[in-house]
Amino acid sequence: MLTGESVPVTKTALPGPAQGGRGPLQDPPYEPEEHKRHTLFCGTSVIQTRYYSGEAVRALVIRTGFSTSKGQLVCSILFPKPTDFRLYRDAYHFLLCLVGVAGIGMLYSVIRSVQQAEPVGRVILESLDILTITVPPALPAAMTAGVVYAQRRLRGQQIFSISPQRINICGQLNLMCFDKTGTLTEDGLDFWGFVQAQDGCFLPAGQDIRAPNLTGSPFVATMAACHSLTTIGGCLSGDPLDLKMFEATGWVLEEPTQEETALHDQIQPTVVHPPDQTPPETSEGIPEDEALMELMKAYQIGILVQFPFSSSLQRMSVVTRTLGQKRLVAYMKGAPETVGSLCRKETVPDTFSAVLESYTRRGLRVIALASRQLEKKYTWHKVQHISRDLIECNMEFLGLVILQNKLKPETVPVLAELHRARIRLVMVTGDNLLTAISVGHECGMIPAKGKVILTEALPPRDGQPATINWQYADELSTLEISDKASKEEIKLMLDEEEAPPPAPRPGVPDSSYHFAITGRSFSVILDHFPDLLPKLLLCGTICARMAPDQKTQLVEALQKMDYYVGMCGDGANDCGALKRAHAGISLSELEASVASPFTSKTPNISCVPDLIREGRAALVTSFCVFKFMALYSIIQYLSVLLLYSTLGNLGDVQYLFIDVAIIMSLAFTMSLNRAWGELVPQRPPTSLVSPQLLLSVFTQILLSLGFQVGAFLLVQEQPWYRSGENGACGLASNSTALMNVTAGPKPEAEDGEADSVCSFENTTLFYVSCFQYVAVALAFAKGRPFRQPTRTNGFFVASLIATSGFLLFLLLWPIPALDRFFELACIPFDWRLILLVLALSNLVLSLSLENFICDCDILWQCICYTRQKYESPAQGTCPQLELDEMAPGHSCRRQASPRAKYQRLAQELRFDPDWPPQPQTSTKAQVPPAESST
């Protein structure tokens, strides 16, 4: 889990001091990264041992507690870096505004009560009531409900989360980074072919590595012996690349038994041999010398020393001894550029670069092989303590092994869906740059005719400043392949499975340009070109040869440009980026799942649009619930202030009915809407103080205020109304006489308190406000385009029907017992009908304002937003501008500058005549002026 390997790894003892070239034995200091092969992490499970059976292993503790890798991981989980999401910041600001509104109401309440000579205790209680009414205590729980429901739905889609609060952030993702191997492409590699080199030239390419004429060749011996495989539980285990290459040869691996290695006897090496090599049967009558001679006829290779693969060195090697030969042989494999640089020049074909490029452009994985017969001075004992630099030099280049890494079936449609939703796509991989570019074309990240600009940054040296060389991928100089047979064979192999070019994406110009950068160049640009880095990130699509820490730095740099960044990967080299991104999605249940906020059991990227859809639904739900709870508090605040003006108030049962029966049921059920099935280009709002959302809230507040004040004043104008009276049942609407009939006996409370609750104003505002709660709940329960329509939410519809039905029953069919329970005054039936008309009018106006004014895209964009219209320049457009051009919008008179840094930069680059850089040009870093000496 901590090392990030998907397969068991081999740990060995610290090596002895290495024999240097000239000096004495050298003992370098311990470095955790350099000596990680010899480091055991806390929590490691040992599943198999060699050479130490029954013996104690002496180890040195170098870190404890939170200083260990496991401790740091646990600490990052317990105390994650705070997520700066604008919704939560605005929520606090909005609550502070409500506190200010409550302060105004408290001041009004105190002044009004003092004028009426109310007791001091009552004045204090009423003023504090205003504070508790205006700031709803159930708001955090109501907003959390939407996240909890979304988490439950994600669990049903096999997506699990250890940080539920990040679900809301997923709704704002506008850039997704993808690892390549195991994420966009299949986990396993398929052996595709090979090209041998002989006498400085490439031989014709082939595909049958098990041909009889190749069995004893150094090329096949390198594939069979140069690996780190081991047998665990009777099955070969190790790096998938090593395993695939070894299986292609068909050879057999035999490891020494536990009895042979129990006494630290390392003379018994791991042996590999062809499948048809079986030990000869010896009988008792055959002399030992003849039996030994029969055994020597077998072709077996013993692996004596192994120099493991290093990501920084990009190679691995082994020292072997072939049965029957005295001199040792070293085999090496690794990145073609690295292996070629360590071989003798006369053994490397002149067409090396051209042949390598011809395969990597097709998205094939290319591994180079080399070997070297060691001098007689290198004995078995000496090579146990020798530096690998002395072995990995003056090698003989043997050729190339070509493996294929196919795209997963879900990759292309998912990426197309994300692009239609205006989400930028970036590939972040540790693989070869040209291979990554080829996969980018194949999966649709780069359009069919999109230009790829290779960015090569060189650090300062020899007094020269850092330099960036710009090279267009389609203008790379390709060397001529002199060997005609090799050229035709390569072309034949490349054309065998020629895939049709990807279809052009709708709305995407063919002249777009995409930057491709390597990890080494990224580090140089990060240090020496800070002003140029945002431009490259805005237009960059391919990032190859990226180290784990460079992936994390890339995510942080994108976040500084105001992108909401998602990261999807499956390996430990992605852990840092997964943890740092706004939404990290791990496709592995092992190492990355601990660091990643989200883990998908579905091993492909189809989980990404599912997570974004649920995130958008949860985010819209949070806004809906927040607006509903804010309106609920304001509506109740207005009702109480109006009643305070007549020394009245709402009763305890009325408060309880509103808070529990209406608010809680509606707030917690309106969060149950499922996500909309399509990932639309529109994005939900990010801020509670956006003009559109504020307009929605303020129009509903004004509407509620208007109906409450209107009903409050209208009831006082009724002919049957008398101040201080609380009953008028049994009278016609045109009656001029009044019957002082109450709704029943007064509650068992003080007369003053009872009179302050049961009144015509109280009853009128109670009915009006209750229907307003239902109206704003229905108005704010948004459906499309981010959630399913309200009618699909059965619990919410049932809550609406139950609440509205009970209120209508209470209003139109009064029952004395219920009136006494709710402390309602008995009002004429005509007035009840008027209240029903007011409630229906309020409902119609609330829905109309919300749907036709606040949510009208055309009207709203013409008022507050603008869609910039540009003329496409001759040099094309970058990926971000492609998405901006796809944005739905309309021409508006008001030109508003976007807030996000990446959008402002995209507009600036549109009119920059020097961007993008011209091919075959260079950019030098600015050298700071030397300090003048005094």
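Just so we're clear, the structure is a prediction, and the values are computed from it rather than from any experiment.

Attention shifts here to the nonpolar core. In terms of nonpolar packing, the biggest core is built from 83 residues, with Phe628, Met629, Ile658, Ile662, Ile663, Phe766 and Leu835 touching the most fellow members. Of the residues forming this core, the biggest block, 20 residues, is contributed by helix α23 (residues 607-644). Grouped together as the second largest cluster of nonpolar side chains are 46 residues, Ile159, Met176, Ile423 and Ala544 included.

Below, the discussion takes up the pattern of salt bridges. Tallied over the full model, the rule gives 13 salt bridges. Taking the shortest distance from any N to any O, the salt bridge between Asp242 and Lys333 comes out at 2.4 Å. With Asp242 in helix α8 (residues 240-249) and Lys333 in strand β13 (residues 329-334), the pair connects residues that are 91 residues apart, well separated along the chain. Given a relative accessible area of 5%, Lys333 falls into the buried group. Each of Arg315, Arg388, Asp389 and Glu392 takes part in a single network of salt bridges with overlapping partners.

Moving on, we come to the packing of helix α28 (residues 794-812) against helix α30 (residues 829-854). For the pair α28 and α30, interaxial distance at closest approach is 9 Å and the crossing angle is 155 degrees. Compared by their axis directions, α28 and α30 come out roughly antiparallel. Of α30, the residues touching α28 (which contributes Leu808, Leu810, Leu811 and Leu812) are Phe829, Arg832, Leu833, Leu835 and Leu836. For the contact of α28 with α30, the per-class residue count stands at 8 nonpolar, no polar and 1 charged.

Turning next to the pairing of strand β17 (residues 451-458). Alignment of β17 against strand β19 (residues 513-518), held across 5 bridges, turns out to be parallel. Of the residues in β19, the one forming a bridge with Val452 is His514. Looking at chain direction, β17 and strand β18 (residues 467-472) are connected through 6 bridges and run antiparallel. Bridging across to β18, Thr455 finds its partner in Trp470.

Another point: the sheet that holds strand β11 (residues 301-310). Reading across the sheet, the 9 strands line up as β6-β5-β15-β14-β13-β12-β11-β10-β9 and stay open at both edges, with antiparallel pairing between neighbours. Taken across any chain shown, the strands that pair with only one partner, and hence form the sheet edges, are β6 (201-202) and β9 (252-254). Bridging between strand β10 (residues 270-273) and β11 involves 3 bridges; their strand directions are antiparallel. Along β11, the bridge assignment pairs Val272 with Ile301. The strands touched by helix α7 (residues 218-225) within the sheet are β5 (190-198), β10, β11, β12 (315-322), β13, β14 (364-373) and β15 (396-404), with β15 carrying the most contacts at an inclination of about 60 degrees. Its contacts with the sheet place α8 against β5, β9, β10, β12, β13, β14 and β15, and it is angled at close to 105 degrees to β15.

Another point: the packing of helix α25 (residues 691-716) against α30. For the pair α25 and α30, the least separation of the axes is 10 Å and the interaxial angle reads 165 degrees. Taken together, the axes of α25 and α30 are roughly antiparallel relative to one another. Crossing of α25 against α30: the hand is right-handed. Together, Gln692, Leu695, Ser696, Thr699, Gln700, Leu703, Phe707, Ala711, Leu714 and Val715 of α25 and Trp831, Ile834, Leu838, Ser841, Asn842, Leu845, Ser846, Leu849, Glu850, Ile853 and Cys854 of α30 make up the contact between the two elements. Across the contact of α25 with α30, the residue classes break down as 13 nonpolar, 7 polar and 1 charged.

We now examine the environment of Gly334. Mapped onto the elements of the fold, Gly334 is located in strand β13. A relative accessible area of 5% means that Gly334 is categorised as buried. Between the C-alpha atom of Gly334 and that of Met316, which follows or precedes it by 18 residues, the distance is 6.3 Å. Residues contacting Gly334, with those up to four places away along its chain left out, are Gln314, Arg315, Val339, Ile367 and Ala368.

Note the cis peptide between Arg784 and Pro785, where omega equals 5 degrees. For the bond from Trp915 to Pro916, the omega torsion is 0 degrees, close enough to zero to count as cis. With respect to the secondary-structure elements, Pro916 resides in the loop between α33 (901-910) and β24 (921-924). Phi at Arg422 takes a positive value of approximately 60 degrees, unusual for a residue other than glycine. Within the secondary structure, Arg422 is located in the loop between α15 (411-420) and β16 (424-428). What makes Arg422 buried here is its relative accessible area of 11%. Even without being a glycine, Arg545 presents a positive backbone phi close to 50 degrees. Looking at where Arg545 falls in the secondary structure, it is placed in the loop between β20 (540-544) and α20 (548-560).

Conventions we followed
- Residues numbered from 1 in each chain as written.
- Predicted model: local features only at pLDDT ≥ 70, side-chain atom pairs only at ≥ 80, totals over all residues.
- Heavy atoms only, no water.
- Core = buried A, V, L, I, M, F, W, Y, C linked by side-chain atoms within 4.5 Å.
- Buried < 20%, exposed > 50% of the residue type's maximum accessible area, 1.4 Å probe, protein only.
- Helix = DSSP H or I, 4+ residues; strand = E, 2+ residues; numbered from the N terminus.
- Salt bridge = Lys/Arg side-chain N within 4 Å of Asp/Glu carboxyl O.
- Axes fitted to C-alpha atoms, helices over the stretch in contact; angles between N-to-C directions.
- Parallel < 35°, antiparallel > 145°, perpendicular 65-115°, else oblique.
- Contact = heavy atoms within 4.5 Å.
- Nonpolar A, V, L, I, M, F, W, Y, C, P; charged D, E, K, R; others polar.
- Pairing = 2+ DSSP bridges.
- Left-handed = near helix turned anticlockwise from the far one by under 90°.

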